[in-house]
Amino acid sequence: MGSRSDWETMQGAADALTALQIPHEVEVVSAHRTPDKLFAYAESAEQRGLRVIIAGAGGAAHLPGMMAAKTLLPVLGVPVQSRAMNGLDSLLSIVQMPAGIPVGTLAIGSAGAVNAALLAAAILSGTDPELRERLRRYREQQSELVLEHPDPRQQPA
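Rules and cut-offs
- Residues numbered from 1 in each chain as written.
- Predicted model: local features only at pLDDT ≥ 70, side-chain atom pairs only at ≥ 80, totals over all residues.
- Heavy atoms only, no water.
- Pairing = 2+ DSSP bridges.
- Helix = DSSP H or I, 4+ residues; strand = E, 2+ residues; numbered from the N terminus.
- Contact = heavy atoms within 4.5 Å.
- Axes fitted to C-alpha atoms, helices over the stretch in contact; angles between N-to-C directions.
- Phe/Tyr/Trp six-rings, centres within 6.5 Å; stacked < 30°, edge-to-face > 60°.
- Lys NZ or Arg CZ within 6 Å of the ring centre and 35° of its normal.
- Expected span 1.5 Å × (residues − 1).
- Buried < 20%, exposed > 50% of the residue type's maximum accessible area, 1.4 Å probe, protein only.
- Arc of directions from axis to C-beta.
- Polar contact = N/O pair within 3.5 Å; in protein donor to acceptor, adjacent residues only side chain to side chain.
- Core = buried A, V, L, I, M, F, W, Y, C linked by side-chain atoms within 4.5 Å.

Enquirer: Mind showing me how you'd approach the sheet that holds strand S3 (residues 104–105) here?
Expert: Note on sheets: strands pair through backbone hydrogen bonds, and any given pair is parallel or antiparallel. The three strands are arranged S1-S2-S3 in an open sheet whose pairing can be described as parallel. The open sheet has two edge strands with one neighbour each: strand S1 (53–57) and S3. Inspection of the sheet shows S1 paired to strand S2 (residues 75–79) by five bridges, in the parallel sense. In the strand pairing of S2, Ile 53 is matched with Val 75. Running at roughly 170 degrees to S2, helix H5 (residues 110–125) makes contact with S1 and S2 of the sheet.

Enquirer: Sorry if this is basic, but what is going on with the packing of aromatic side chains here?
Expert: By convention here, two paired aromatic rings are described through the distance between centres and the angle between planes. Summed over all chains, the structure comprises zero aromatic pairs. Its guanidinium or amino end placed over the ring of Tyr 41, Arg 48 lies 4.5 Å from that ring's centre, counting from NZ or CZ. The ring centre of Phe 39 lies 4.5 Å from the NZ or CZ of Lys 70, which sits over that ring.

Enquirer: Before we go on, may I ask you to explain helix H6 (residues 129–148) in this structure?
Expert: Every α-helical turn comprises 3.6 residues, leaving residues that sit three or four positions apart pointing alike. In a regular helix each residue adds 1.5 Å, so 20 residues correspond to 28 Å; H6 covers 28 Å between its end C-alpha atoms and thus fits that length. Listed as buried for H6 are Leu 131, Arg 134, Leu 135 and Tyr 138. Seen from one end, H6 has its buried residues packed into an arc of 100 degrees, which puts them on one side. Those residues of H6 that are exposed and angled more than 90 degrees off the buried face are Pro 129, Glu 130, Leu 147 and Glu 148. Against the buried residues of H6 lie H5. The backbone nitrogen of Glu 130 has a side-chain oxygen 3.2 Å away, supplied by the residue at the start of H6, namely Asp 128.

Enquirer: Please clarify how the pairing of S2 should be interpreted in this entry.
Expert: Residues in a regular strand project their side chains so that they alternate between the two faces of the sheet. When you tally the buried positions in S2, you get five out of five residues, the bulk of the element. Relative to S3, S2 is paired through two bridges, and the arrangement is parallel. Each bridged residue has a counterpart across the sheet, and for Gly 77 the counterpart in S3 is Thr 105.

Enquirer: Before we go on, may I ask you to explain the nonpolar core in this structure?
Expert: Here is a general trend for soluble globular proteins: nonpolar side chains tend to be buried in one another's company. Counting residues in hydrophobic clusters, the biggest one holds 21 residues, and the most contacted among them are Met 10, Leu 20, Ile 22 and Leu 76. Elements with a contribution of two residues or more to this core: helix H1 (7–19), S2, H5 and H6. Here this core takes seven residues from H5, the largest share from any one element. Not counting chain neighbours up to four residues away, the residues in contact with Ile 22 comprise Leu 17, Ala 121, Leu 124 and Leu 131. Ranked by size, the runner-up nonpolar core spans 18 residues in total, among them Tyr 41, Ala 61, Ala 68 and Val 103.

So this is what it looks like as structure tokens:
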């Protein structure tokens with residue numbers, strides 16, 4: 001994530017990865033305040049064993065694009081909701097990548113962070129049958145919760 005304040009949003013990604021038993025790193029890497037760290041992180045990611053990068057950033061939101069420019073790994077960008085433009089600035093900064101440097105862009109905020117983790121899991125599950133089964137169970141459990149508690153006035157136990 002681009003700053004410590006992004007953790008409120010990005011914690012959803014970390015929680016989903018933990019629930020799916022996917023090892024992951026959580027680190028603040030700022031495109032603007034720590035560019036050398038950003039380059040080192042991205043350039044060493046593959047040799048450190050990373051297979052997908054989830055990058056959350058707000059405001060100008062350059063982190064996902066710069067990360068994608070420095071690695072061949074898939075980069076999933078999460079626009080963090082900002083005060084200035086409610087996250088629209090972040091979304092546009094991440095989604096408008098030039099041809100040749102792709103960033104998979106998710107929804108603004110916590111939903112985007114959780115979905116980034118689930119998309120990363122889907123990418124990884126193509127070569128990991130056990131992860132594919134955990135992901136299948138996760139999705140089934142979500143369906144069951146909706147079916148078991150259709151009345152929004154009642155809280156699930």
